[in-house]
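For reference, the chains in residue letters:
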Amino acid sequence: MEWDWEFVRQIMPTLIEGLQITILATILGAAVAAVIGLVFAILRMVAPRPIARATSFAVEFIRGTPLLVQLYFIFYVLPDIGIRLPALVAGVIGLGIHYGTYAAEVYRAGIENVPRGQWEAAKATNLTARQTWIHVILPQAIPPMIPALANYLIAMFKETPLLSAITVLELMNQAKSIANSNYRYIEPMTLVGVFFLVMSLISVIFLRWLEERYARVDER
């Protein structure tokens, strides 16, 4: 089968629409993961023991089950108990919760690396627990976490094709629809691979920039 540039021109707008959905799902999923991960990390570290243990169990359970199963549960099982979510919303929640459990471990490691003296100094100056977290601990803990969190962002982007299983019209789903309708697979699937490669390379370059920037700040 020969490469057809005219076919590429025709399908490119549809693929770009799918790419936009893919990027949107990644950004929103990353935002959800960042918040959920921080909540999980704090609960595991400072909550009463029963809550901390329940949180630890939830984190390990989610990390130990496939993302695809979680997406199916959110989109296909929850409606049985009256919870119906749009496909994109279900996908974002699934990505956010799944990667939030990995982000939680990154947060926990970063928080534990803050010197104990910082906690004691905050207590000595009569800061509340909220003020201590917001103004003392997190500003020191988060910068070293950025490279690891960015790695999970890249991984999340590359797993967005799983959203096609719950009917999200992201890049892979659009490509499959085009291919099945026209019985031509080489152009749409090759373009999907090129899009993911280019976006991954951009993400890696951004990640390297973050690492170098943090290294320069740390040297100061």
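Residues numbered from 1 in each chain as written. Predicted model: local features only at pLDDT ≥ 70, side-chain atom pairs only at ≥ 80, totals over all residues. Heavy atoms only, no water.

Draft legend 1. Summary view of the packing of aromatic side chains. Applying the stated criterion across every chain, the model contains 9 aromatic pairs. Aromatic side chains Tyr-99 and Tyr-102 sit 6.1 Å apart centroid to centroid with 40° between the ring planes, which places their arrangement in the tilted category. With Tyr-99 and Tyr-102 both in helix α4 (residues 87-112) and 3 residues apart, this pair spans about one turn of that helix. Between the aromatic rings of Tyr-102 and Tyr-152, the centroid separation amounts to 5.6 Å while the plane-to-plane angle is 40°, which identifies the pairing as tilted. On the criterion of sequence distance, the pair formed by Tyr-102 in helix α4 and Tyr-152 in helix α6 (residues 129-159) is long-range, its members being 50 residues apart. Of the aromatic side chains, those joined through ring pairs into one cluster are Tyr-72, Phe-75 and Tyr-76. (Phe/Tyr/Trp six-rings, centres within 6.5 Å; stacked < 30°, edge-to-face > 60°. Helix = DSSP H or I, 4+ residues; strand = E, 2+ residues; numbered from the N terminus.)

Draft legend 2. Examining the UniProt feature "domain: ABC transmembrane type-1" (unreviewed entry) in the chain more closely. Under the UniProt annotation, "domain: ABC transmembrane type-1" (unreviewed entry) lies at residues 19-207. Taken end to end, residues 19-207 is 81% helix and 0% strand, and its first and last C-alpha atoms sit 21 Å apart. (UniProt positions renumbered as here; feature names shortened; annotations may be inferred.)

Draft legend 3. Up close: the confidence of the model for the chain. Mean pLDDT over the chain works out to 89, with 96% of the residues at or above the 70 mark. For the chain, the element scoring lowest by mean pLDDT is helix α5 (residues 116-124), at 81; helix α3 (residues 67-77) scores highest, at 96. (pLDDT = per-residue confidence, 0-100.)

Draft legend 4. Looking closely at the pattern of salt bridges. Here the structure, examined in full by the defined rule, presents 5 salt bridges. Across the salt bridge formed by Glu-105 and Arg-44, the nearest N and O atoms sit 2.4 Å from each other. Of this pair, Glu-105 sits in helix α4 while Arg-44 sits in helix α1 (residues 5-46), and the two are 61 residues apart along the sequence. Arg-44 gets classed as partly exposed once you look at its relative accessible area, which sits at 21%. The shortest N-O distance in the salt bridge between Glu-105 and Arg-108 comes to 2.7 Å. With Glu-105 and Arg-108 both in helix α4 and 3 residues apart, this pair spans about one turn of that helix. On the basis of relative accessible area, Arg-108 is assigned to the partly exposed category, the value being 26%. In the salt-bridge network here, residues are joined through shared partners; they are Arg-44, Glu-105, Arg-108 and Glu-112. (Salt bridge = Lys/Arg side-chain N within 4 Å of Asp/Glu carboxyl O. Buried < 20%, exposed > 50% of the residue type's maximum accessible area, 1.4 Å probe, protein only.)

Draft legend 5. Highlighting the nonpolar core. Residues Leu-163 and Ile-166 are the most contacted members of the largest nonpolar core, which totals 16 residues. Counting only elements with at least two residues in this core, the list comes to α1, α3 and α4. Looking at this core, the element that brings in the most residues is α4, giving 5 residues. Setting aside residues no more than four positions away along its own chain, Leu-163 makes contact with Ala-25, Leu-71, Gly-91, Leu-95, Val-168 and Glu-170. (Core = buried A, V, L, I, M, F, W, Y, C linked by side-chain atoms within 4.5 Å. Contact = heavy atoms within 4.5 Å.)

Draft legend 6. Structural context of the packing of α5 against α6. Where α5 meets α6, the closest approach of the two axes is 11 Å, and the angle between their N-to-C directions is 160°. Relative to α6, the element α5 is oriented roughly antiparallel. Of the two possible hands of crossing, α5 and α6 adopt the one that is right-handed. Contacts between α5 and α6 involve Gln-118, Trp-119 and Ala-122 from the first element and Thr-132, Trp-133, Val-136, Ile-137 and Gln-140 from the second. (Axes fitted to C-alpha atoms, helices over the stretch in contact; angles between N-to-C directions. Parallel < 35°, antiparallel > 145°, perpendicular 65-115°, else oblique. Left-handed = near helix turned anticlockwise from the far one by under 90°.)

Draft legend 7. Main features of the environment of Leu-191. Considering the arrangement of structural elements, one finds Leu-191 in helix α8 (residues 186-219). Along the chain, Leu-191 and Val-8 lie 183 residues apart, while their C-alpha atoms are 8.6 Å from each other. Excluding anything up to four places from it in sequence, Leu-191 contacts Val-8, Ile-11, Met-12 and Leu-15.

Draft legend 8. A look at a nonpolar patch on the surface. There is a patch of nonpolar side chains on the surface, built from Leu-68, Tyr-72, Phe-73, Tyr-76 and Val-77 and spanning about 440 Å² of accessible area. Assignment of secondary structure puts Tyr-76 in helix α3. With a relative accessible area of 38%, Tyr-76 lands in the partly exposed category. (Patch = residues over 30% accessible without salt bridge, like charges linked within 9 Å, V, L, I, M, F, W, Y side chains within 5 Å. Areas by Shrake-Rupley, 256 points an atom, 1.4 Å probe, with all protein chains shown as cover.)

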